[in-house]
Amino acid sequence: MSLPLTERELPNDAVAKKLVVVGNGMAGVACVEQILRHAPKFNITIFGDETHVNYNRILLSSVLAGEKSPDDIVLNGRDWYEQNNIDLKLGVRIVDVDPMAKTVTGNDGSVTTFDKLLLATGSIPIIPSIEDVMKDGVFVFRNLDDTRSLLERSRPGLKAVVIGGGLLGLEAARGLQVQGCEVTVVHLMDTLMERQLDPVGGSYLATKMNAMGITVLLGLSTTAVLGNGKVERVQFKGGGSIPADLVVVAAGIRPNIELGHKAGLEIKRGIVVNDYMETSHPDIFAVGECVQHNGVCYGLVAPLLEQGKVLAATITGNKGPTYQGTVLASKLKIMGVDVFSAGDFNEKADGGEMVRYEDPSQGIYKKLTLKNGKLAGVILVGDTSDSHRYMEWLRSETDLTSMRRQLLFPEPSADVGLDVAQMQDGETVCGCMGVTKGTIIRAIHDKGVSTLAQLKECTRASSGCGSCTALCQQLLKAVAPEFEEETKRVICKCIPFAEDNLREILRSQQLKSVQEVLEIYGNGVGCEVCKPALSYMLDMLWCGDHEEDRSARFINDRVHANIQKDGTFSVIPRMRGGVTSSAELRRIADVADKYQVPMVKVTGSQRIDLLGIKKADLPKVWADLGMPSGQAYTKGVRMVKTCVGTEFCRFGVQDSTTAGIELERRFENLFTPHKLKMGVVGCPRNCAEATVKDIGLVGQEGSWQVVVGGAAGKKVRKADLLVTVETTEQALEAAGVFFQYYRENANYLERTYDFVERLGIEKVRKDTVYATAGVKRDLLDRLRKSKDHSYDAWLERETLNHPTQFLQIKPMEEAEVLI
Amino acid sequence: MNQATIEETVWIAIARSQDLPLREGRVVVLGDQEIAVFNLGDRVLAVSNHCPHRNGPLADGIVSGATIVCPLHAWKFNLETGQGANALSTEHCIETFPSRLSDGIVFLEAPRQSTTKNEMPAMSG
C-alpha cells in the first residue's frame, strides 16, 4: 500500500503522527482547519456521532424557520475532508478512551490508536427533572436531526410548548411558529434571556415576542408532561397546566465531559484547560464547549474559534499563542427581533455606572454599563445596528471619557466610508468567524476577492449569523476596485429592506397581513409608499390568499375607481379586446344620463370612460352598467388592445381579436407591480400598437411573436422579442409565463419596460420561455392559483368589504345613543 | 361677533366605532363642515376633510401613524395638531375637531347648530 501523499511529502522521513479528533462540530473542525496551516502534518481521523458533515450549528434555527435549507448551512463539504486527506468517520460515537494505550473505542467496537487526541465533544442539552419528560412528542433542539424531527412533526394548528426562554428556546419558538404552530414559551425565570438581558430588556423582548403572536409565560416551573402515550398537556408547579401537542426542551446546555472523565483528565464543570489549551494529559487536548478555561465554559461560537487557533499552535509543537478568554457576546437570531448583549450588564458592580435609552413605542432599549470610564457591558433590544462599535469598545477596553456625550448616538457621519475607515485593522468585523478588518483587506488584495460570495468562501466572514454583511460590503466597496454594490433600493424608511429580500422574508416567515409585517420588520406605522407595496407583495406571494387590509390600499383600490382632481371618480368598464355591443353601449348611455355624467370619453385603450361619478353612486353605476371592472384605477391588468385581424381585415394573418379577448380573460382581475397594458395585432402592420405594450402578440403568417417591455408613455420603448411560437395557445402560454415572472420579480411600481431593461431580455428569456418545464409549470401553477382567488372588484357592490365602504357617516339618531 | 365661544360647541354622537374601519377615514357632515374622521384603534381623530392645497378629500387618504396623506398630491398633515407634516405642506395647517370614544360611540365636538341632536352633557375624564 502506498503512503498517502502527505506522508511522502514530509521532511526528514518521519512518519506522520496520528491525530484523532472526537467531535465533527464547529469547534473540532475549525481547530483542524487551523492545524492544517501548521507543520508538521498529522494523519487526521475525525469521528462524528452525527451522520452529517460539519455544519453551522448556530443557523439551525434558520433551518427550522424555513429561511435556510440543511444544505445551506454546511461549512465543510465532503470534498474538503477528501482534499485534506482526513479520514471522516460519521455515525460513530466514541465511548471510551484509554490514555495509557492511547486508543479510543467506538460504539461500533472499533479501536483506533492515536498519538494526539483532540476532544471536541461539545455540550449536551440539560433535561430538567420533569416527570415523563421522555414521552413521545417531546424534543430537544440541538442538532440537525433534532431540527429535522421538529420539522417533520410540526404542522399548522399544533400547540407547541417550548420549555426555556433563553436564546435557543426563543429561536425554536419562532421557528415552530413559522411552521404554523401556536407557540407558548414557558420560562422558569422572571426575565427572558436573563443571562443576556436585564429585566427591562427582557420585558421589551417579551413584548416583541407577544406582538409576533408567541405567548410568553414567565416564572413558571414545569413539573410534568401529561398524556396517554404521547404528550397532551404540560403541567406547572402549583397544578396549572396548558395543552400541548409538541414540547421542546431548551433549558440550557452543559459540557459533554464523559470522555474527559474516562481519560482521567482534570474536570470541573468542563474539561480544564490552561492558556495554551492544554489539559492535564500531555497528548490529550480539548476545545470548544466541552472545556473550561479560567473558570468559564463557553457556549457560543467566537470563543471556540479563538481557542482553536491557540490549540492548533500548541498541538503542532508551535506552542506560544495563549488564549485569554473571550468577551461574551450573543445575538438573538430571529428576523425582526433584534437583541444583542455583551459583557457584564450588571451596573451594580463596584464603581459601575449605567447609561440608558428607552423608546417603548419603537420597542427600542439600549443600556450600557461602564466601569472606570470603560465599557463593561451592553444590551441592545430593537436596534442592534451599533453592536460592532460596542464590541470593539469592549474588546479594546477603549477609554470612553471623551466620548461620554456620544455613547448611545454617534454623530451621523456624512462620509459613508467613514465607519469603515475608522475601524482599526485588528478590529473584528465578523464576530461569529473571528475575521478582522485586516484579514478581509488582505483577502481583497492578495486573493483578488471582489464579491461578498468570494469573501465568504475565502475568509468565512459573514457566513455565520450574517449580521456583519453590511459591514463586509462597505469594506469591499472601499477596498476592492471591481466591487459592484448590488443596487437594491429599499422600499422606504418605514421598512428598510430591498424588495427581493422582503419577498423572501414574507414568504419564509409566512406573514400575511401588512400590519403584521410593519410591526415585526418595520416601524409599526407604515406610509403611503410602503403600505400599497406590501399589499401588492402579500397578494402576489400568497396568490390572493392573504389578509386583505384596505387601509393599506390607495383610495382607488378601496372603492375600485380612479379618484379625480375634484374628489369624484372615473368609471371604466371592461371591454375585452376593445370589442363591445349595442346593448353595452345603450347601458353606458343610460348610465351617463341617469347620473348626469359630466364627461364620456373614449380612452386610448379602446374603452369608454365615465368621468365625474360620486363615490356613493359607484355601486349603483356598476350595477346599471352590468359590466365588469376594467381595473383602470389600479396597478393591475388594464386591457388588451386589438385590431380586427383575420375576422374583417384584408391584410390580417392571425385572429387577433379572439386571441386578445382570451388573453384579457386569462389575466383580468389580477394585480401587477405597476399597471400592465397589452396589445394583440393580426399582422406586422401593428395597428393596435402591440410593440409598445407591456406584453404584445404580433401575428405573422403561421406564427406569433410574443414581445415584452414596450412603452409609449413618458418613455417610448419598442418591446423586446421574447419568443416566436407557432400556435395561439403557445403564445398565450409564453405571455402567461412572462406575466407571472414579472409579478414575482419586479419591484413595486416598476413597469415591464424598466424591469426588462434592468434584467436584460436574455435573462428574462432564460428564466421564462427557456426555463425548464418544471419552472414554467410552477410559474403557471401560481398564476392559476392567483387567478382562482381573484374576482371582479365591482362585485363588491353586493358583498361590501365594509358597511360604510362607499358612504358618508350620518350623525346618529337620538334613539340609538345611550348616554 | 361671529367667533364661536366654548358655550357654543356641543358633543355630537356620529357613529359606532365599528362603522369606521381601522386606519381608514370616513366623512361626516356637521352643518356646513365636512369632517374627516379616522379610527386609529385606541382613539378617533377628526380634521377638516379639505386639503388646503387643491381641496383633496383627506378622508380618502392613507393613514401613517397619526399622519394623513392626501390622496391627490401626497400632502401630509398631523391628525392631532392639524400641522402640515411634509415638505409640501409644512407651511399649512388644517382644522382639527376634538373627538372622543366612549362605550364604542364616537363623539365629535362641533359648533352648535340648530339641527344638531344628541348632545352629550358634561363630558368628564
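Data block above holds the structure.
## A short note on the overall build of chain B
Turning to step 1, where the next piece is worked out: A count of helices and strands for chain B gives 0 helices and 10 strands.
Turning to step 2, where the next piece is worked out: Across chain B, helices and strands are ordered from the amino to the carboxyl terminus as β-β-β-β-β-β-β-β-β-β.
Turning to step 3, where the next piece is worked out: Per-residue burial for chain B yields a buried fraction of 50% across its 125 residues.
Turning to step 4, where the next piece is worked out: Accessible surface computed for chain B: about 5,900 Å², of which carbon and sulfur atoms make up 46%.

## What to know about the overall build of chain A
Turning to step 1, where the next piece is worked out: A count of helices and strands for chain A gives 26 helices and 40 strands.
Turning to step 2, where the next piece is worked out: Overall, the C-alpha framework of chain A stretches about 100 × 80 × 65 Å when taken along its three principal axes.
Turning to step 3, where the next piece is worked out: Across the 819 residues that make up chain A, the buried fraction comes to 52%.
Turning to step 4, where the next piece is worked out: Considering only contacts in chain A between residues 6 or more positions apart, those separated by 24 or more positions represent 62%.
Turning to step 5, where the next piece is worked out: Looking at chain A as shown, the accessible area adds up to about 36,400 Å², and 49% of this sits on carbon and sulfur atoms.
Turning to step 6, where the next piece is worked out: The average position of the 97 basic charges and that of the 105 acidic charges among the side chains of chain A differ by 3 Å.

## Digging into the pairing of strand 2 (residues 42–48) of chain A
All names here are of chain A.
Turning to step 1, where the next piece is worked out: Of all 7 residues that make up strand 2, 6 are buried, and the element is covered over most of its length.
Turning to step 2, where the next piece is worked out: Where strand 1 (residues 17–22) and strand 2 come together, 6 bridges link them in parallel fashion. By the bridge assignment for strand 2, K18 is matched with N43.
Turning to step 3, where the next piece is worked out: Once the chain exits strand 1 it traverses helix 2 (residues 26–35) before rejoining the sheet at strand 2, and the crossover so formed is right-handed.

## Regarding the layout of surface pockets
Residues and elements named next belong to chain A.
Turning to step 1, where the next piece is worked out: Here the second largest pocket is characterised by a volume of approximately 510 Å³.
Turning to step 2, where the next piece is worked out: Contributing to the lining of the second largest pocket are 27 residues, with E528, P532, F554, K635 and Y748 lying nearest its centre.
Turning to step 3, where the next piece is worked out: The residues that make up the lining of the second largest pocket include at least three from each of domain 4 (490–553) and domain 5 (639–791).

## Quick notes on the nonpolar core
Soluble globular proteins tend to pack their nonpolar side chains together in the buried interior.
Residue and element names in this part refer to chain A.
Turning to step 1, where the next piece is worked out: If you look at the biggest cluster of nonpolar residues, it comprises 94 residues, and the most contacted ones within it are L170, L176, L205, L332 and I440.
Turning to step 2, where the next piece is worked out: At 8 residues, the largest contribution of residues to this core is made by helix 17 (residues 530–541).
Turning to step 3, where the next piece is worked out: Setting aside its immediate chain neighbours within four residues, L170 contacts G164, G165, V185, L192, M193, L205, M209, L332 and I334.

## Considering helix 15 (residues 499–508) of chain A
All names here are of chain A.
Turning to step 1, where the next piece is worked out: Inspection of helix 15 places E499, L502, R503, I505, L506 and S508 among the buried residues, and these make up the whole buried set.
Turning to step 2, where the next piece is worked out: Check the buried side of helix 15 and you find it contacts helix 6 (167–178), strand 28 (490–492), strand 29 (495–498), helix 16 (514–521), helix 17 and helix 23 (728–745).
Turning to step 3, where the next piece is worked out: The positive-phi residue at the C-terminal boundary of helix 15 is Q510, with phi of around 55°.

## Considerations on the sheet that holds strand 1 of chain A
Residue and element names in this part refer to chain A.
Turning to step 1, where the next piece is worked out: Taken in spatial order, the 5 strands line up as 3-2-1-7-19 in an open sheet, and their pairing is parallel. Strand pairing shows two members of the sheet lacking a second neighbour, strand 3 (87–90) and strand 19 (284–286), which therefore form its edges. Strand after strand, the sheet turns through a mean of 15° between neighbouring axes, direction not considered.
Turning to step 2, where the next piece is worked out: Against the sheet, helix 9 (residues 301–315) contacts strand 1, strand 2, strand 7 (116–119) and strand 19, and its axis sits at roughly 165° relative to strand 19.

## Some points on the interface of chain A and chain B
Turning to step 1, where the next piece is worked out: Tallying the contact residues gives 34 residues for chain A and 39 residues for chain B.
Turning to step 2, where the next piece is worked out: Carbon and sulfur atoms supply 57% of the area buried between chain A and chain B, which totals about 2,800 Å² over both sides.
Turning to step 3, where the next piece is worked out: For D60 of chain B, the salt bridge is made with K615 of chain A, and the minimal N-O distance between the two is 2.6 Å.
Turning to step 4, where the next piece is worked out: Here chain A is connected to chain B by 13 residue pairs in polar contact (both at pLDDT 80 or more).

## Quick word on the sheet that holds strand 11 (residues 182–186) of chain A
All names here are of chain A.
Turning to step 1, where the next piece is worked out: Within the open sheet, the 5 strands sit side by side as 9-16-10-11-12. Their pairing is parallel. Either end of the sheet is taken by a strand with one partner, and the two such strands are strand 9 (138–140) and strand 12 (215–217). Strand-to-strand, the axes of this sheet are offset by a mean angle of 20°, without reference to chain direction.
Turning to step 2, where the next piece is worked out: Alignment of strand 10 (residues 159–163) against strand 16 (residues 246–249), held across 4 bridges, turns out to be parallel. What sits directly across from A160, in strand 16, is L246.
Turning to step 3, where the next piece is worked out: Packed on one face of the sheet, helix 6 meets strand 10, strand 11 and strand 16 and runs near 170° to strand 11.

## Focus on the environment of V764 of chain A
Residues and elements named next belong to chain A.
Turning to step 1, where the next piece is worked out: Mapped onto the secondary structure, V764 falls in helix 25 (residues 761–767).
Turning to step 2, where the next piece is worked out: For V764, a relative accessible area of 0% gives the class buried.
Turning to step 3, where the next piece is worked out: C-alpha of V764 to C-alpha of P496: the two residues are 268 residues apart in sequence and 27 Å apart in space.
Turning to step 4, where the next piece is worked out: In contact with V764, not counting residues within four places along its chain, are L722, F738, Y741, V756 and L759.

## Examining the state of the cysteines
Among covalent bonds in proteins, the disulfide is the one between the sulfur atoms of two cysteines.
Turning to step 1, where the next piece is worked out: One pass over the structure, following the stated rule, counts 0 disulfides over all chains.
Turning to step 2, where the next piece is worked out: C70 of chain B supplies the cysteine sulfur nearest to C51 of chain B, a cysteine that is in no disulfide, at a spacing of 4.0 Å.

## Looking at the side chain of T222 of chain A
Turning to step 1, where the next piece is worked out: Tracing the backbone shows T222 of chain A in strand 13 (residues 222–226).
Turning to step 2, where the next piece is worked out: Judged by its relative accessible area of 10%, T222 of chain A is buried.

## A word on empty space enclosed by the protein
Turning to step 1, where the next piece is worked out: Scanning the entire structure with this criterion turns up 5 cavities of 30 Å³ or more.
Turning to step 2, where the next piece is worked out: The volume enclosed by the largest cavity comes to roughly 60 Å³.
Turning to step 3, where the next piece is worked out: Each residue belonging to the lining of the largest cavity can be placed in one class, and the counts come to 9 nonpolar, 1 polar and 1 charged.

## Brief notes about the packing of aromatic side chains
Residue and element names in this part refer to chain A.
Turning to step 1, where the next piece is worked out: This structure, assessed with the given rule, holds 12 aromatic pairs over all chains.
Turning to step 2, where the next piece is worked out: Ring geometry for F738 against Y742: centres 6.4 Å apart, planes inclined by 5°, an arrangement best described as stacked. Here Y742 and F738 lie together in helix 23, a separation of 4 residues that amounts to about one turn. Summarising the burial analysis for this pair, F738 and Y742 share the class buried.
Turning to step 3, where the next piece is worked out: Through successive ring pairs, a cluster of aromatic residues spans F738, Y741, Y742 and F755.

## Focus on the packing of helix 2 of chain A against helix 9 of chain A
Axis angle and axis distance: for two packed helices, these are the angle between their axes and the distance between the axes, and together they describe the pair.
Residues and elements named next belong to chain A.
Turning to step 1, where the next piece is worked out: Two elements in contact, helix 2 and helix 9, have axes whose closest approach is 8 Å; the angle formed by their N-to-C orientations is 40°. Overall, the two elements helix 2 and helix 9 adopt an arrangement that is oblique. In this structure, helix 2 crosses over helix 9, and the sense of that crossing is right-handed. Taken together, the residues of helix 9 that come into contact with helix 2 (itself represented by M26, A27, A30, C31, Q34 and I35) are V301, L304, L305, G308, K309, L311, A312 and I315.
Turning to step 2, where the next piece is worked out: Partitioned by chemical class, the residues of the contact of helix 2 with helix 9 number 11 nonpolar, 2 polar and 1 charged.

About the criteria used
- Residues numbered from 1 in each chain as written.
- Chains lettered and ligands numbered in written order.
- Predicted model: local features only at pLDDT ≥ 70, side-chain atom pairs only at ≥ 80, totals over all residues.
- Heavy atoms only, no water.
- Helix = DSSP H or I, 4+ residues; strand = E, 2+ residues; numbered from the N terminus.
- Buried < 20%, exposed > 50% of the residue type's maximum accessible area, 1.4 Å probe, protein only.
- Areas by Shrake-Rupley, 256 points an atom, 1.4 Å probe, with all protein chains shown as cover.
- Contact = heavy atoms within 4.5 Å.
- Lys, Arg positive; Asp, Glu negative; His and termini not counted.
- Charge placed at Lys NZ, Arg CZ, Asp CG, Glu CD.
- Pairing = 2+ DSSP bridges.
- Right-handed = clockwise from strand over helix to strand, strands pointing away.
- 1 Å grid on protein atoms, 1.4 Å probe; cavity = no way out; pocket = protein on both sides within 12 Å on 5 of 7 lines; lining within 4 Å.
- Points joined across faces, edges and corners; volume = space filled by probe spheres on them.
- Domains from an automatic or database assignment.
- Core = buried A, V, L, I, M, F, W, Y, C linked by side-chain atoms within 4.5 Å.
- Axes fitted to C-alpha atoms, helices over the stretch in contact; angles between N-to-C directions.
- Buried area = accessible area lost by both parts, 1.4 Å probe.
- Salt bridge = Lys/Arg side-chain N within 4 Å of Asp/Glu carboxyl O.
- Polar contact = N/O pair within 3.5 Å; in protein donor to acceptor, adjacent residues only side chain to side chain.
- Disulfide = S-S within 2.5 Å.
- Nonpolar A, V, L, I, M, F, W, Y, C, P; charged D, E, K, R; others polar.
- Phe/Tyr/Trp six-rings, centres within 6.5 Å; stacked < 30°, edge-to-face > 60°.
- Parallel < 35°, antiparallel > 145°, perpendicular 65-115°, else oblique.
- Left-handed = near helix turned anticlockwise from the far one by under 90°.

Don't take any of this as a statement about function, it's just geometry.
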